[in-house]
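Below, each chain spelled out in residue letters.
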Amino acid sequence: MRKISVILIAVALLSSLSYAQYKEIPYETKVKLKSNNLIFGFINPKNFSLNHSFNLSYQTYGNASYSIASYTGTLSYKILNNLNISADVTMQYSPFANIGSSNSVLNNDFQNSLNGVYLSRVSLNYKPMKNMFINIEYVNNKSNNYFLNDYYFSRWNDF
């Protein structure tokens, strides 16, 4: 017992006298860039913006109904102070879709047609004067009412 206590005291004394290795780490590392911070030499990353939206919807038409969950990311780039371009990319999933038929294959086909990733909108916005605004836009909305009606009637005409 005495031997163990002498060893423990010796270890405690020696460890208090020893020095640990200390390496100073700078708080801030500065990287010097040789470029002008532009992508490909002409695209300024400070002019990009990204917005997000999430949408849940449920629609019903008599015996037909469907639900859609969608996430949309909008990427915009300011080309000039009065000119910008933006694009929406939508990821869409339909957990439930029924076109009023007892045919499960037809219902599954309709449900799968609503799923996917697609370019839902691209727009070019230009404001040449204070009271004038020009907007050129492409819109692809897979979940609008006309889509359901077109799909519903075109499928029933095939049989």
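Scoring rules and cut-offs
- Residues numbered from 1 in each chain as written.
- Predicted model: local features only at pLDDT ≥ 70, side-chain atom pairs only at ≥ 80, totals over all residues.
- Heavy atoms only, no water.
- Helix = DSSP H or I, 4+ residues; strand = E, 2+ residues; numbered from the N terminus.
- Contact = heavy atoms within 4.5 Å.
- Areas by Shrake-Rupley, 256 points an atom, 1.4 Å probe, with all protein chains shown as cover.
- Buried < 20%, exposed > 50% of the residue type's maximum accessible area, 1.4 Å probe, protein only.
- Pairing = 2+ DSSP bridges.

**As for the overall build of the protein chain**
Argument step 1. Regarding its fold elements, the protein chain presents three helices and five strands.
Argument step 2. Listed N to C, the secondary structure of the protein chain is α-β-β-β-α-β-β-α in terms of helices and strands.
Argument step 3. A sequence separation of at least 24 residues applies to 50% of the contacts in the protein chain between residues at least 6 apart.
Argument step 4. Accessible surface computed for the protein chain: about 12700 Å², of which carbon and sulfur atoms make up 60%.

**Some remarks on the side chain of Thr90**
Argument step 1. For Thr90, the location among the structural elements is in strand E3 (residues 83-98).
Argument step 2. On the basis of relative accessibility, which here comes to 4%, the residue Thr90 falls in the buried class.
Argument step 3. Sequence-distant contacts of Thr90, defined by excluding residues within four places in its chain, comprise Ser70, Tyr71, Thr72, Gly116, Val117, Tyr118 and Ser120.

**Some points on the pairing of strand E4 (residues 116-129)**
Argument step 1. Inspection of the sheet shows E3 paired to E4 by 10 bridges, in the antiparallel sense. In the sheet register, Asn84 faces E4, and the bridge partner there is Asn125.
Argument step 2. As defined by bridge partners, E4 adjoins strand E5 (residues 132-139) across seven bridges and the pair is classed as antiparallel. Across the sheet, Asn125 pairs through a bridge with Asn135, a residue of E5.
Argument step 3. Hairpin connection of E4 to E5: two residues between the antiparallel strands.

Shape is all these values report; function is a separate question.
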